[in-house]
Amino acid sequence: MTDVDTSSRDRLAVAVLAQYRMATTEQLHLILSPDVRIEQTRRRLVKLRGEGLIDRVTLPQAGRTRVWYTTRYGAQVASEGPELRGRRPPRGAHDPTAVRLGVGHGLTVTETALAFLQDARRRGDLCQPLDWIPEVHHPLGSGEAVIPDALLYYRSHDTGAGGSDSGSGAMLRAFVEVDRATMGPERLAAKLGAYARLHQYVAAPPPGTRRTLAVPEESWRRRYPLFPRLLFVLDGTGPAGIHTRLTALEAAARQPALTALLRDVPVLATPMTDLLRHGPTAPVWHPIGGPDQRVGWTQTMRALPGPTTNAGATGPTRTGPRLAWGVS
């Protein structure tokens with residue numbers, strides 16, 4: 001049975017690297033085996049590298065950090081295993097040059113995933129390493145698409161009266177955008193418009209298909225029972241830069257085209273420093289287009305006031321209760 005367990009852990013390590021695109025030795029250790037000594041993780045990685053499944057690049061900074069990724073062979077093996085069957089690895093996932101050039105953003109995305117995984121373990125929630133899926137493609141037609149940095153699946157632990165386990169929990173889904181201040185605030189805020197289009201997008205029927213009388217359904221409903229909440233993680237800048245980016249997101253939220261998205265979907269933003277210091281379920285998130293109060297990302301936030309458009313106003317106008325944010 002020990003050999004079977006070792007084989008499954010090896011397979012999971014390759015699957016995680018194929019899905020996440022890259023990770024440092026320490027990140028992989030905390031994702032896969034935080035309950036054992038890190039030397040065991042190092043030996044596992046060396047063995048998998050010897051088998052041609054993974055490889056590494058070494059960063060020139062102090063400490064010579066090793067960044068691991070799957071080889072083309074490793075990505076193929078992972079895609080044929082039960083964990084990733086049918087999924088394609090992110091672009092450039094097995095190219096050493098692409099890994100080296102994208103290491104700043106890639107490792108920050110992996111660090112964000114680790115924050116959710118560790119918080120779930122502390123809380124007794126259910127979030128496994130492969131519940132973090134980078135770069136899921138969502139077409140918008142005409143060659144356009146929304147590709148979030150990650151799609152997160154998360155089941156929160158639910159307790160009944162007196163703290164007893166009720167045996168149930170809320171399934172949450174989130175699109176996660178990790179911003180390292182490499183683009184201007186306006187370009188960051190423009191992502192809200194892309195998600196608003198995805199929220200309303202109905203794919204045209206294929207040519208020659210007979211149209212039915214049924215009401216057209218938004219394309220995202222084929223994947224999700226509710227539209228996933230949208231989380232912005234802001235990094236790469238100080239407090240003034242974070243404020244500027246939050247202000248840009250709030251300004252974008254006043255656009256009439258975003259009304260339906262903000263009515264139906266929680267849109268939240270937090271600095272990376274707060275996320276790592278306090279954990280994602282702590283009240284570190286700023287509701288975009290909502291009241292000026294920080295919340296935890298798993299809160300449903302019922303009956304919050306929401307924005308309506310008021311021409312000439314300097315900010316969102318509150319006009320009554322927002323629709324309840326359900327499980328998503």
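Residues numbered from 1 in each chain as written. Predicted model: local features only at pLDDT ≥ 70, side-chain atom pairs only at ≥ 80, totals over all residues. Heavy atoms only, no water.

A few words on the nonpolar core. Formed by 45 residues in total, the largest nonpolar core has its most connected members in W132, L152, W285 and W297. Counting residues per element, the ones that place at least two in this core are α1 (2–20), α2 (25–32), α3 (38–50), α6 (103–123), β7 (150–159), β8 (165–179), β9 (229–234) and α10 (272–278). If we ignore the near neighbours within four places in the chain, the residues touching W132 are Q19, Y20, V109, T112, A113, F116, A150, L151, L152 and V176. Ranked by size, the runner-up nonpolar core spans 34 residues in total, among them V136, L192, L198 and A248. (Core = buried A, V, L, I, M, F, W, Y, C linked by side-chain atoms within 4.5 Å. Buried < 20%, exposed > 50% of the residue type's maximum accessible area, 1.4 Å probe, protein only. Helix = DSSP H or I, 4+ residues; strand = E, 2+ residues; numbered from the N terminus. Contact = heavy atoms within 4.5 Å.)

A separate point is α6. Taking 1.5 Å per residue as the helical rise, α6 with its 21 residues ought to reach 30 Å, and the 30 Å between its terminal C-alpha atoms agrees with that figure. Of the residues flanking the end of α6, it is G124, one or two places downstream, whose phi is positive at about 80°. (Expected span 1.5 Å × (residues − 1).)

Moving on to the pattern of salt bridges. Taken as a whole and judged by the stated rule, the model has 16 salt bridges. Linking E83 and R11 is a salt bridge whose minimum nitrogen-to-oxygen distance equals 2.7 Å. Pair noted here: E83 is in the loop between α4 (72–80) and α5 (96–101) and R11 is in helix α1, with a separation of 72 residues, a long-range link. Relative accessible area serves as the criterion here: at 22%, E83 is assigned to the partly exposed category. With a shortest N-O distance of 3.6 Å, E144 and R197 are connected by a salt bridge. One end of the pair, E144, is in strand β6 (residues 144–146); the other, R197, is in helix α7 (residues 185–200), and 53 residues separate them in sequence. Look at E144 and you get partly exposed, because its relative accessible area is 43%. (Salt bridge = Lys/Arg side-chain N within 4 Å of Asp/Glu carboxyl O.)

This brings us to the sheet that holds strand β1 (residues 23–24). In any sheet, the strands associate via hydrogen bonds between backbone groups, in a parallel or an antiparallel arrangement. Spatially, the three strands line up as an open sheet ordered β1-β3-β2, and their pairing is antiparallel. Each edge of the sheet is formed by a strand with only one pairing partner; in this case those strands are β1 and β2 (54–58). The pairing of β1 with strand β3 (residues 66–70) spans two bridges and is classified as antiparallel. Looking at the pairing, T24 lines up with V67 of β3. (Pairing = 2+ DSSP bridges.)

Attention now goes to the environment of L226. Counting through the fold element by element, L226 comes out in the loop between α7 and β9. Looking at L226, the relative accessible area reads 37%, which means it is partly exposed. Separated by 39 residues in sequence, L226 and V265 place their C-alpha atoms 8.8 Å apart.

Before going further, it helps to spend a moment on α4. Within the span of α4, buried status applies to G74, A75 and A78. For α4, the arc enclosing every buried residue in end-on projection is 100°, short of the 170-degree limit, so these residues lie on one face. (Arc of directions from axis to C-beta.)

Now for the side chain of T112. By the secondary structure assignment, T112 is in helix α6. The exposure class of T112 is buried, given its relative accessible area of 0%. Aside from chain neighbours lying at most four places away, what touches T112 is W132, V176, V178, V233, M272 and L275.

Now for unusual backbone geometry. We note that E135 has phi near 55°; this positive angle belongs to a residue other than glycine. With respect to the secondary-structure elements, E135 resides in the loop between β4 (132–134) and β5 (138–141). With relative accessibility at 29%, the residue E135 sits in the partly exposed group. Although it is not a glycine, S142 sits at a positive phi angle of roughly 55°. The residue S142 is located in the loop between β5 and β6 in this model.

Our focus in this paragraph is the confidence of the model for the protein chain. For residues with low pLDDT, the predicted coordinates do not support detailed interpretation. Per-residue pLDDT for the protein chain averages 84, and the proportion of residues at 70 or more is 80%. Every residue in residues 159–167 is under pLDDT 50, and counting partners more than four places away or in other chains gives seven contacts. (pLDDT = per-residue confidence, 0-100.)

All told, the structure shown has seven aromatic pairs when counted by the stated rule. Each ring, one from Y154 and one from W297, has its centre 5.2 Å from the other, and the planes form 80°; the classification is edge-to-face. With Y154 in strand β7 and W297 in the loop between β11 (286–287) and β12 (305–308), this pair connects stretches of sequence that are 143 residues apart. Take Y154: its relative accessible area is 1%, and that puts it in the buried class. On the basis of relative accessibility, which here comes to 0%, the residue W297 falls in the buried class. Ring geometry for W220 against F227: centres 5.3 Å apart, planes inclined by 90°, an arrangement best described as edge-to-face. The burial state of W220 is the same as that of F227; both residues are buried. Three or more aromatic residues joined by ring pairs make a cluster, and in this case those are F175, Y195, W220, Y224 and F227. (Phe/Tyr/Trp six-rings, centres within 6.5 Å; stacked < 30°, edge-to-face > 60°.)

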